[in-house]
Amino acid sequence: MNEPTEPQILDTCKRLTKISAIIGTGIFMLFIISGIKELSIVRLMYIGFAGLINGIFLIVLAIAGFIHKIYWHKILATVAFMLANIPLSIFYCFIALKSI
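First things first, this report covers the structure right here in the doc.

### Topic: the overall build of the protein
Helix and strand content of the protein: 4 helices and 0 strands. The N-to-C order of helical and strand elements in the protein reads α-α-α-α. A compact globule built from 100 residues should have a C-alpha radius of gyration of about 13 Å, whereas the protein, at 16 Å, is more than 25% larger. For the protein, restricting intrachain contacts to residue pairs at least 6 apart in sequence, the fraction spanning at least 24 positions comes to 76%. As displayed, the protein offers around 6,700 Å² of accessible surface, 76% of which is attributable to carbon and sulfur atoms. Each charge class in the protein was averaged separately, 8 positive and 4 negative side chains, and the resulting centres sit 9 Å apart.

Set out below in structure tokens:
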């Protein structure tokens, strides 16, 4: 009997999380280095956009957890990995708001 294949959404969510963190950190570092106040607005807009996209993928991942119960532990680990970006986003948002 063939074992079911791991849902593709796991890799997609992991890549999305990494890319979101890298872009957010890049914008943050650009602001810190350049001191351009307008980047605070860009950062806040990016945090909102990334939060929306990541939130949608998190919901899809939760649905995948109900469909692919055999992979619940990998799905839960991916959810935890995605949620680890929240403290980073809060920190960046705090700095962005303080600098406006």
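### Focus: the packing of helix H1 (residues 9-34) against helix H2 (residues 38-67)
Closest axis-to-axis distance for the H1/H2 pair is 10 Å, and the angle between their directions is 170°. As far as their axial angle goes, H2 and H1 are roughly antiparallel. Partitioning the contact of H1 with H2 into residue classes produces 19 nonpolar, 7 polar and 1 charged.

### A word on the packing of aromatic side chains
Going through the model one piece at a time under the given rule, you end up with 1 aromatic pair. Seen from the ring of Phe 31, Arg 43 lies directly overhead, with NZ or CZ sitting 4.1 Å from the centre.

### Side note on the pattern of salt bridges
In total, this model carries 1 salt bridge according to the counting rule given. A salt bridge links Lys 74 to Glu 6, with the nearest nitrogen and oxygen atoms 2.7 Å apart. Of the two residues, Lys 74 sits in helix H3 (residues 72-83) while Glu 6 sits in the segment before H1, which places them 68 residues apart along the sequence. Overall, the relative accessible area of 35% leaves Lys 74 in the partly exposed class.

### A short note on the environment of Phe 66
With respect to the helices and strands, the residue Phe 66 is situated in helix H2. On the accessibility criterion, Phe 66 (63% relative accessible area) is exposed. In this structure, the C-alpha to C-alpha distance between Phe 66 and Pro 4, residues 62 residues apart in sequence, is 14 Å.

### With respect to the nonpolar core
Core analysis: the largest hydrophobic core is formed by 9 residues, namely Ile 9, Leu 10, Cys 13, Leu 61, Ala 64, Tyr 71, Ile 75, Val 79 and Met 82. Elements supplying a minimum of two residues to this core: H1, H2 and H3. Val 79 has contacts with Leu 58 and Leu 61, leaving out every residue within four places of it along the chain.

The rules behind each value
- Residues numbered from 1 in each chain as written.
- Predicted model: local features only at pLDDT ≥ 70, side-chain atom pairs only at ≥ 80, totals over all residues.
- Heavy atoms only, no water.
- Helix = DSSP H or I, 4+ residues; strand = E, 2+ residues; numbered from the N terminus.
- Rg over C-alpha atoms; globule rule 2.2 N^0.38 Å.
- Contact = heavy atoms within 4.5 Å.
- Areas by Shrake-Rupley, 256 points an atom, 1.4 Å probe, with all protein chains shown as cover.
- Lys, Arg positive; Asp, Glu negative; His and termini not counted.
- Charge placed at Lys NZ, Arg CZ, Asp CG, Glu CD.
- Axes fitted to C-alpha atoms, helices over the stretch in contact; angles between N-to-C directions.
- Parallel < 35°, antiparallel > 145°, perpendicular 65-115°, else oblique.
- Nonpolar A, V, L, I, M, F, W, Y, C, P; charged D, E, K, R; others polar.
- Phe/Tyr/Trp six-rings, centres within 6.5 Å; stacked < 30°, edge-to-face > 60°.
- Lys NZ or Arg CZ within 6 Å of the ring centre and 35° of its normal.
- Salt bridge = Lys/Arg side-chain N within 4 Å of Asp/Glu carboxyl O.
- Buried < 20%, exposed > 50% of the residue type's maximum accessible area, 1.4 Å probe, protein only.
- Core = buried A, V, L, I, M, F, W, Y, C linked by side-chain atoms within 4.5 Å.

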